[in-house]
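Coordinate inspection notes
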Amino acid sequence: MTDKIRIAVVGANGAFGMKHLDGLANIDDAVVTVVSATSMEKAEAVAAQYGVAHAVVGLDAVLERDDVDAVILATPTGLHAAQTQAVLAAGKHVQVEIPVADSWAGAEATLAVAEASDRIAMVGHTRRFNPSHQLVHQRIEAGEFAVQQMDVQTYFFRRTNTNAKGERRSWTDHLLWHHAAHTVDLFAYQAGRIVEAHAMQGPIHPELGIAMDMSVQLKSESGAICTLSLSFNNEGPFGSFFRYIGDTATYIARYDDLFTGADEQIDVTDVAVSMNGIELQDREFVSAIREGREPNSSLRQVIDCYRVLGELEEQLT
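About the thresholds
- Residues numbered from 1 in each chain as written.
- Predicted model: local features only at pLDDT ≥ 70, side-chain atom pairs only at ≥ 80, totals over all residues.
- Heavy atoms only, no water.
- Helix = DSSP H or I, 4+ residues; strand = E, 2+ residues; numbered from the N terminus.
- Rg over C-alpha atoms; globule rule 2.2 N^0.38 Å.
- Buried < 20%, exposed > 50% of the residue type's maximum accessible area, 1.4 Å probe, protein only.
- Contact = heavy atoms within 4.5 Å.
- Areas by Shrake-Rupley, 256 points an atom, 1.4 Å probe, with all protein chains shown as cover.
- UniProt positions renumbered as here; feature names shortened; annotations may be inferred.
- Disulfide = S-S within 2.5 Å.
- Phe/Tyr/Trp six-rings, centres within 6.5 Å; stacked < 30°, edge-to-face > 60°.
- Lys NZ or Arg CZ within 6 Å of the ring centre and 35° of its normal.
- Pairing = 2+ DSSP bridges.
- Right-handed = clockwise from strand over helix to strand, strands pointing away.

Attention shifts here to the overall build of the chain. Helix and strand counts for the chain come out as 9 helices and 14 strands. The globule rule puts the C-alpha radius of gyration for 317 residues at 20 Å, and the 19 Å found for the chain is close to it. In terms of overall dimensions, the chain has C-alpha extents of about 50 × 50 × 35 Å along its principal axes. Looking at the chain as a whole, 54% of its 317 residues are labelled buried. At a minimum sequence separation of 6, the contacts of the chain that also span at least 24 residues come to 67%. When the accessible surface of the chain is totalled, it reaches about 13,600 Å², and 48% of it is carbon and sulfur.

And the structure:
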């Protein structure tokens, strides 16, 4: 394959749709041929902002096009499983934002479709690609560091149904199936398959119908443990912060940046070609398509995360 990989971004007007468009703009092997949003007005605005030739509404309008090799889905969580299956059925490669599904059954069904397809199916588990976590992974692979414990805080202040841009949205986010999925997958990626998992949740919000606070405890086959605290109620730093406590060092990861346990910054600029985890994720997607190989964070590789989430959900119901 010598031409650029032609990509459609669905949900392009959302916060993460735009993050993908920003990342793709730096990838020479890729070109965004079409963007899709929930209205033509929104789609055309994004197309104009990013210099994309075509704007459409919905996924069906994307799948019928012959100028699309691959689709990035940055759509509401409840649509991910069905949309991922639809993209694969249309013979196109797919990268779906986390989570691939909001149930274990949905994840299993989507994996079955992916396994029967010759197209690439990748899930946006960005923590695998952040330079901070990549450096820790490299040291684990080299035998220089082993995780003993991970302590993770995933905190937002989101008592209304708004997105990362502060805009109203039509669907409700979920601490378990979305935000905990990042840590569940990362912990297994760094410490081995998860063999024990427990969860507790706080009161259910009377309007949103979800728990606004949650605690998750995990243990891997290596014996390492993880404590994850999640909240939509926190009036403080926004996002996820990871403390790796190991046998030879302590690391603190704040998205793409990495620090020692004494809060001294570690230079990670040489870990990858970019300091942007989402761009690196998209680079992996494009490279895997071009090289005809399984990408890091393929649906097959991350499926066990959803097994664990399904087990945790059973404990909470």
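This part takes up the UniProt feature "domain: Gfo/Idh/MocA-like oxidoreductase N-terminal" (unreviewed entry) in the chain. UniProt's feature table lists "domain: Gfo/Idh/MocA-like oxidoreductase N-terminal" (unreviewed entry) at residues 5–125, given in the numbering used throughout. Across residues 5–125 one finds 39% helix and 26% strand; the C-alpha atoms that close the span lie 21 Å apart.

Attention now moves to the state of the cysteines. Per the stated rule, a full pass over the model turns up 0 disulfides. Here Cys226 is not cross-linked by a disulfide; its sulfur's nearest cysteine counterpart is in Cys305, at 12 Å.

For the rest of this paragraph, the subject is the packing of aromatic side chains. With the rule as written, the count across this model stands at 3 aromatic pairs. On the basis of an interplanar angle of 55° and a centroid distance of 6.0 Å, the ring pair of Phe156 and Phe232 is categorised as tilted. Within this pair, whereas Phe156 is found in the loop between strand 7 (147–155) and helix 7 (175–191), its partner Phe232 is found in the loop between strand 10 (225–231) and strand 11 (239–246), the two being separated by 76 residues in sequence. For Phe156, a relative accessible area of 7% gives the class buried. Look at Phe232 and you get buried, because its relative accessible area is 2%. Ring pairs connect the aromatic residues Phe156, Phe232 and Phe238, which therefore count as one cluster. The ring centre of Phe259 lies 4.5 Å from the NZ or CZ of Arg254, which sits over that ring.

What follows deals with the pairing of strand 2 (residues 30–37). Burial analysis of strand 2 places 7 of its 8 residues in the buried class, which makes it a mostly covered element. Across 6 bridges, the pairing between strand 1 (residues 5–10) and strand 2 is parallel. Each bridged residue has a counterpart across the sheet, and for Val10 the counterpart in strand 2 is Ser36. Between the parallel elements strand 1 and strand 2, the chain passes through helix 1 (residues 15–24) in a crossover that is right-handed. Relative to strand 3 (residues 54–57), strand 2 is paired through 4 bridges, and the arrangement is parallel. Its bridge partner lying in strand 3, Ala37 is registered against Val57. For the segment spanning strand 2, helix 2 (residues 40–50) and strand 3, crossover handedness is right-handed.

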